[in-house]
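# A look at the structure
Read off the chains here:
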Amino acid sequence: MYLSVIIPAKNEAKNIGKTLESVFNYLTSKGIEHEILVVTNRSTDKTASIVNELKSQIPTLELLDYPNNGGKGFAVKEGMLKAKGDFRLFMDADNATTIDHIEKMMPYFSQGYDVVIGSIRAKGFYVEKGSEPWYRIFLGRLAGLYTRIVLLPGILDTQRGFKIVSAKAGQEIFSRSKITQFGFDMEMLALARMLGYKIKEVPVRWHNDPNTESHPRLSAYIQVLLDTLRIKRDLLLGRYK
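Below, the structure is looked at part by part. This is a predicted model, so every value here is computed, not measured. Note that residues are indexed from 1 along each chain, following the sequence as it is written. It should be noted that, the model being predicted, local features are given only for residues of pLDDT at least 70 and side-chain atom pairs only at 80 or more, the latter also being counted only at that level, while totals for whole chains, interfaces and linings use all residues. Computation of side-chain values: all heavy atoms of the structure, hydrogens and water removed.

### Here we look at the sheet that holds strand 7 (residues 162-166)
With mixed pairing, the 7 strands of this open sheet are ordered in space as 3-2-1-4-7-5-8. Two strands close off the open sheet at either side, each with one partner strand: strand 3 (61-66) and strand 8 (199-203). Across this sheet, the average inter-strand angle for adjacent strands is 20°, counted without regard to direction. For two strands to count as paired, DSSP must find a minimum of two bridges between them. A run of H or I in DSSP becomes a helix once it reaches four residues, and a run of E becomes a strand once it reaches two; helices and strands are each numbered from the N terminus. Direction of pairing for strand 1 (residues 3-9) relative to strand 4 (residues 87-91): parallel, over a ladder of 4 bridges. Its bridge partner being in strand 4, Val5 is matched across the sheet by Leu89. Orientation is described by axes fitted as lines to C-alpha atoms, over the contacting stretch for helices, and by angles from 0 to 180 degrees between their N-to-C directions.

As structure tokens, this is what we get:
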């Protein structure tokens with residue numbers, strides 16, 4: 001199988017149907033062999049039932065439902081380790097970065113990259129007006145600077161929910177990952193570097209739904225800062241090996 005699309009979805013009933021139809025229609029129109037794995041975790045709305053209903057219309061769709069386990073990082077890890085694709089993409093349930101971005105991202109794998117990530121800091125990015133309140137923009141930039149200094153120098157945007165890995169990289173990275181919440185993106189990239197994988201940052205067009213569960217709330221920024229230190233500590237102590 002060529003591509004696995006992993007979509008973590010917690011309380012995304014209003015978005016998940018449109019996103020799944022968009023992904024399936026695009027990949028089918030391009031003749032891309034694929035699977036779509038929706039991973040629900042501690043979801044209390046109708047997200048899981050909507051996905052189950054759509055399985056009759058979308059034959060490549062599978063639901064992984066974890067009502068008692070939580071965190072976006074947990075959901076992405078489960079999807080990555082259960083995926084069968086030669087390449088594995090995770091994207092947000094609100095379709096903030098659309099599936100057609102793979103057209104400019106996939107060619108980098110043939111150039112020797114193993115991890116290709118979407119970015120709204122790399123030159124050429126575009127953020128739709130109203131996608132973020134000012135305080136999230138400020139906190140995001142502050143957190144990005146902190147992350148580059150402490151853990152991931154050279155990577156401008158660690159947190160965008162549109163990242164593709166090769167099957168080998170995905171297996172090696174996520175079999176080691178520990179963080180179950182929003183800090184998992186940083187851990188993923190830190191592990192990629194530890195394992196010697198090349199990372200490419202690609203500008204994307206981003207249109208965020210401010211009310212979605214896919215993106216961090218204010219309290220999550222503090223957790224991400226603490227996770228940065230935990231990741232650095234565990235790398236230094238060799239705990240990921």
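So, next bit.
### Observations regarding the environment of Leu27
Inspection of the secondary structure puts Leu27 in helix 1 (residues 13-29). Here the alpha-carbon distance between Leu27 and Leu3, two residues 24 residues apart in the chain, equals 9.4 Å. Each residue touching Leu27, except ones within four places of it in the same chain, is listed here: Leu3, Val5, Ile32, His34, Ile99 and Ile102. It only takes one pair of heavy atoms within 4.5 Å for two residues to be counted as in contact.

### Comments concerning helix 6 (residues 167-174)
Buried, partly exposed and exposed residues are distinguished by accessible area as a fraction of the type maximum, computed with a 1.4 Å probe on protein chains only: under 20%, between the cut-offs, and over 50%, respectively. Taken together, the buried positions of helix 6 are Ala169, Gly170, Ile173 and Phe174. Down the axis of helix 6, the buried set is contained in an arc of 105°. They therefore lie on one face. Among the structural elements, helix 3 (72-82), strand 5 (115-119), strand 7 and helix 7 (184-194) are those in contact with the buried residues of helix 6. Taking the helix axis as origin, the arc is that swept by the directions to the C-beta atoms.

### Describing the packing of helix 3 against helix 6
Between helix 3 and helix 6, the least distance of the axes is 9 Å, while the angle of their chain directions is 135°. Taken as axis vectors, helix 3 and helix 6 run oblique relative to one another. Viewed along their axes, helix 3 and helix 6 form a crossing whose handedness is left-handed. Contacts between helix 3 and helix 6 pair Val76, Lys77, Met80 and Leu81 from the former with Gly170, Gln171 and Phe174 from the latter. Here the term charged refers only to Asp, Glu, Lys and Arg, the term nonpolar to Ala, Val, Leu, Ile, Met, Phe, Trp, Tyr, Cys and Pro, and the term polar to all other amino acids, Gly among them. Across the contact of helix 3 with helix 6, the residue classes break down as 4 nonpolar, 2 polar and 1 charged. In this scheme, roughly parallel covers angles under 35 degrees and roughly antiparallel covers those over 145, while 65 to 115 is roughly perpendicular and the rest are oblique. Each crossing gets its hand from how the near helix is turned against the far one by less than a right angle, where anticlockwise is left-handed and clockwise is right-handed.

### As for helix 7
For helix 7, the buried fraction is high: 9 of the 11 residues fall into the buried class. The first or second residue beyond helix 7 is Gly196, which carries a positive phi of 85°.

### Comments concerning unusual backbone geometry
The phi torsion at Arg42 lies on the positive side, around 55°, for a residue other than glycine. Relative to the assigned elements, Arg42 resides in the loop between strand 2 (34-41) and helix 2 (47-54). Of the residues examined, Arg42 reaches a relative accessible area of 45% and is grouped as partly exposed. In this structure, Asn95 is a non-glycine residue whose phi angle is positive, near 65°. Here Asn95 is to be found in the loop between strand 4 and helix 4 (102-105).

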